[in-house]
Amino acid sequence: MMERRPQLLARLSRCRGEHLVPGMFLEAALTSAVARGANLAVEQARRQIADGARLVENYRYPVAWMLELLDHIGRAAEDRGGSYGEALYLTGREAGLAYVRSSVGRMRAMVAMASGLHRTLEGVPNAAAVAVNFGERSYRRLSPSSGELTFKQDLIGLAWNVGMVVASTSAALAMDPDALKFEASPIDEDASSFLLRISW
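Residues numbered from 1 in each chain as written. Predicted model: local features only at pLDDT ≥ 70, side-chain atom pairs only at ≥ 80, totals over all residues. Heavy atoms only, no water.

Moving on, we come to the overall build of the protein chain. Within the protein chain one finds nine helices and six strands. A principal-axis box enclosing the C-alpha atoms of the protein chain has dimensions of 45 × 35 × 30 Å. Among the 200 residues that make up the protein chain, the fraction classed as buried is 52%. Here the analysis covers contacts within the protein chain between residues at least 6 apart in sequence; of these, 69% occur between residues at least 24 apart. For the protein chain, the computed accessible surface area is about 9300 Å², with 54% contributed by carbon and sulfur atoms. (Helix = DSSP H or I, 4+ residues; strand = E, 2+ residues; numbered from the N terminus. Buried < 20%, exposed > 50% of the residue type's maximum accessible area, 1.4 Å probe, protein only. Contact = heavy atoms within 4.5 Å. Areas by Shrake-Rupley, 256 points an atom, 1.4 Å probe, with all protein chains shown as cover.)

Here we come to helix H8 (residues 124–131). Residues of H8 that are buried include every one of Val124, Pro125, Ala127, Ala128 and Ala131, and no others. One side of H8 holds all its buried residues, which, seen down the axis, span an arc of 165°. Of the exposed residues in H8, the ones pointing more than 90 degrees away from its buried face are Asn126 and Val130. (Arc of directions from axis to C-beta.)

Scanning all chains against the criterion turns up five aromatic pairs. Through successive ring pairs, a cluster of aromatic residues spans Tyr59, Tyr61 and Trp65. (Phe/Tyr/Trp six-rings, centres within 6.5 Å; stacked < 30°, edge-to-face > 60°.)

Per the stated rule, a full pass over the model turns up nine salt bridges. Arg140 serves as the salt-bridge partner of Glu148, at 3.1 Å between the closest nitrogen and oxygen. Each of Arg5, Asp71 and Arg75 takes part in a single network of salt bridges with overlapping partners. (Salt bridge = Lys/Arg side-chain N within 4 Å of Asp/Glu carboxyl O.)

Once that is clear, we can look at the nonpolar core. Ranked by size, the top nonpolar core spans 57 residues in total, and within it Phe25, Leu70 and Ile156 carry the most contacts. Excluding anything up to four places from it in sequence, Leu70 contacts Leu8, Leu88, Thr91, Ile156 and Trp160. (Core = buried A, V, L, I, M, F, W, Y, C linked by side-chain atoms within 4.5 Å.)

One way to put it is that helix H4 (residues 63–79) packs onto helix H5 (residues 84–101) with a least axis distance of 8 Å and a crossing angle of 130°. As judged from the angle between their axes, H4 and H5 are oblique. As for how H4 packs across H5, the hand of that crossing is right-handed. Only Tyr84, Ala87, Leu88 and Thr91 of H5 make contact with H4, whose side of the interface consists of Leu70, Asp71, Ile73, Gly74, Arg75, Ala77 and Glu78. By residue class, the composition of the contact of H4 with H5 is six nonpolar, two polar and three charged. (Axes fitted to C-alpha atoms, helices over the stretch in contact; angles between N-to-C directions. Parallel < 35°, antiparallel > 145°, perpendicular 65-115°, else oblique. Left-handed = near helix turned anticlockwise from the far one by under 90°. Nonpolar A, V, L, I, M, F, W, Y, C, P; charged D, E, K, R; others polar.)

Fair warning: the whole summary comes from geometry, so function is off the table for now.
The following block contains the structure:
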């Protein structure tokens, strides 16, 4: 996946205290970090978050905490000979699946099943605006079986968001995870703005 550590660190440097993400995103990143062996990072994050208390799914936490966790996950992957960006992408996929299992996600999945892929993807910008308080997103249909999401100034970045969108969309529609073909391309240096083209 086309994202590197300097890009994440550049976004992290722009994070402010008012830039927040839901606890569900952070919990998914913690679960992913445990699965990928970034245990020290998890211990540090848990202390920082709430002295070991359980995260609240719909409470908001600083996106900087999430980016620090993602950085640990990416570096742990590199230490094992893997790809930094691929690890972020896979963490986003896991978050997408967790989202579909959540109360909000289950409701959106029911709507998605009834309305089809274009309508589901058209709902992504609104869902993102509810989840986080930074960045802009839009969707346009390219053909009957393809569309394009545009992300601008999204501090979480390209790799995680692509994993999140692709996994949550295919899971919501009960599709084979590989049924959605996608191509993502950054449109700025730190991969906070990018295009995600999806076809099926």
